[in-house]
Amino acid sequence: PGHAYLFEAQAGSWWVVRRAVRPGKTFFPRANHLGRETFLAPVEWDGDGWPVVNGNGTLTPEVQGPDFPLHPWPKSPERDDFNRPVLAPTWVHIRNPNPAQYSLSERSGWLRLRGGAATLESREPVACVLRRQTAVVCRAETLLEFAPAQDGEEAGLTVLMNGSYHYCVFVAMQHGKLIAGLRLQVGDITHMRASRELPGPAGSFRLAVEADEKHYRFLACCGDAPLEELGSGLVRHLSTEVAGGFTGVMV
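Residues numbered from 1 in each chain as written. Predicted model: local features only at pLDDT ≥ 70, side-chain atom pairs only at ≥ 80, totals over all residues. Heavy atoms only, no water.

Points about the overall build of the chain
So, point 1. Looking only at helices and strands, the chain features one helix and 14 strands.
So, point 2. If you line up the chain on its principal axes, its C-alpha atoms span 75 × 40 × 35 Å.
So, point 3. The contacts of the chain with a sequence gap of at least 6 include a subset with a gap of at least 24, amounting to 49%.
So, point 4. About 15400 Å² of surface is accessible on the chain, with carbon and sulfur atoms providing 53% of the total.
So, point 5. Computed over 25 positive and 27 negative side-chain charges, the inter-centroid distance for the chain is 3 Å. (Helix = DSSP H or I, 4+ residues; strand = E, 2+ residues; numbered from the N terminus. Contact = heavy atoms within 4.5 Å. Areas by Shrake-Rupley, 256 points an atom, 1.4 Å probe, with all protein chains shown as cover. Lys, Arg positive; Asp, Glu negative; His and termini not counted. Charge placed at Lys NZ, Arg CZ, Asp CG, Glu CD.)

Set out below in structure tokens:
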């Protein structure tokens, strides 16, 4: 925990706001992949005037807070149909985005991404938008329309800690065949975990990732067909303790 800010509330009570992480409980040693978050804890002052946080110097995920008037912020919508003139603030980019690669107006109700030669591993702008993972157990799904014309063209869904540590489920052309693939990037190891030929022609696809405390599971299908699991990757490989960084995984 760090970056503490002390403040006095009603009736002389004292509190601290600070940054910390929620370490996972599944692995040993513990690891975190959600990044730094804001924590609140009560503070009391000992006989020598030193602050004692939460009675024993630790933070807990839940605490009985001060009796402030409630001021809840509206939650970000779980679903985005891209029917606004600009991207919602929950979406972020890798590096500085190239505006020419994004459009919300060329096709109403869709986000159009124009791919380029840059990859997640490169230092150039990548045509993608991401949202931060904020819950250990969660699910994300996207509807994709894509028609790769040659080998090397791909589009998909990524679970990303950084350029060297991420998992991708994607649609691509491979040796002249349309496939759904799962690729795991762990440091300098690139592992093609699964590859499945898709019925042509190229068109509409659904891609999904399901997360729990231990695994990311990746699924894909064509059109309205049932989603089929391609494979999984360990959460730990995308944790701060393995991959570095402190801002957490994005999808």
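Here's the deal with the nonpolar core
So, point 1. Counting 30 residues, the largest nonpolar core has Val159, Val171, Tyr216, Phe218 and Leu238 as the members making the most contacts within it.
So, point 2. Those elements that provide at least two residues to this core are β8 (154–162), β9 (165–174), β10 (177–186), β12 (204–211) and β13 (215–222).
So, point 3. Once you skip the residues sitting within four places of it in the chain, Phe218 turns out to touch Val159, Tyr167, Val169, Leu182, Ala208, Val209, Glu228, Glu229, Leu230, Gly231, Ser232 and Gly233.
So, point 4. Counting residues in hydrophobic clusters, the runner-up holds eleven residues, among them Ile94, Ala172, Ile179 and Met250. (Core = buried A, V, L, I, M, F, W, Y, C linked by side-chain atoms within 4.5 Å. Buried < 20%, exposed > 50% of the residue type's maximum accessible area, 1.4 Å probe, protein only.)

A few points about the environment of Cys221
So, point 1. Note that Cys221 resides in strand β13.
So, point 2. It is 22 Å that separates the C-alpha atoms of Cys221 and Leu234, two residues lying 13 residues apart in sequence.

What about the pattern of salt bridges?
So, point 1. All chains considered together, the criterion is met by twelve salt bridges.
So, point 2. In this structure, Arg139 and Glu141 form a salt bridge, with 2.9 Å as the shortest nitrogen-oxygen distance.
So, point 3. Judged by relative accessible area, which is 38%, Glu141 ranks as partly exposed.
So, point 4. Across the pair Arg139 and Glu210 runs a salt bridge, and its minimum N-O distance is 3.2 Å. (Salt bridge = Lys/Arg side-chain N within 4 Å of Asp/Glu carboxyl O.)

Comments concerning unusual backbone geometry
So, point 1. The backbone of Phe82 shows a phi angle near 55 degrees, a positive value even though the residue is not glycine.
So, point 2. Its place among the elements puts Phe82 in the loop between β4 (51–53) and β5 (102–103).

A closer look at the sheet that holds strand β14 (residues 228–234)
So, point 1. Reading across the sheet, the four strands line up as β7-β12-β13-β14 and stay open at both edges, with antiparallel pairing between neighbours. Two strands close off the open sheet at either side, each with one partner strand: β7 (138–145) and β14. Here the strands of the sheet are splayed against their neighbours by 15 degrees on average, with no regard to which way each runs.
So, point 2. Pairing analysis gives seven bridges linking β12 to β13, with the strands arranged antiparallel. Note that in β13 the partner of Ala208 across the bridge is Leu219. (Pairing = 2+ DSSP bridges. Axes fitted to C-alpha atoms, helices over the stretch in contact; angles between N-to-C directions.)

What to know about the environment of Ala100
So, point 1. Examined against the element boundaries, Ala100 turns out to sit in the loop between β4 and β5.
So, point 2. For Ala100 and Leu113, which are 13 residues apart along the polypeptide, the C-alpha to C-alpha distance reads 8.9 Å.

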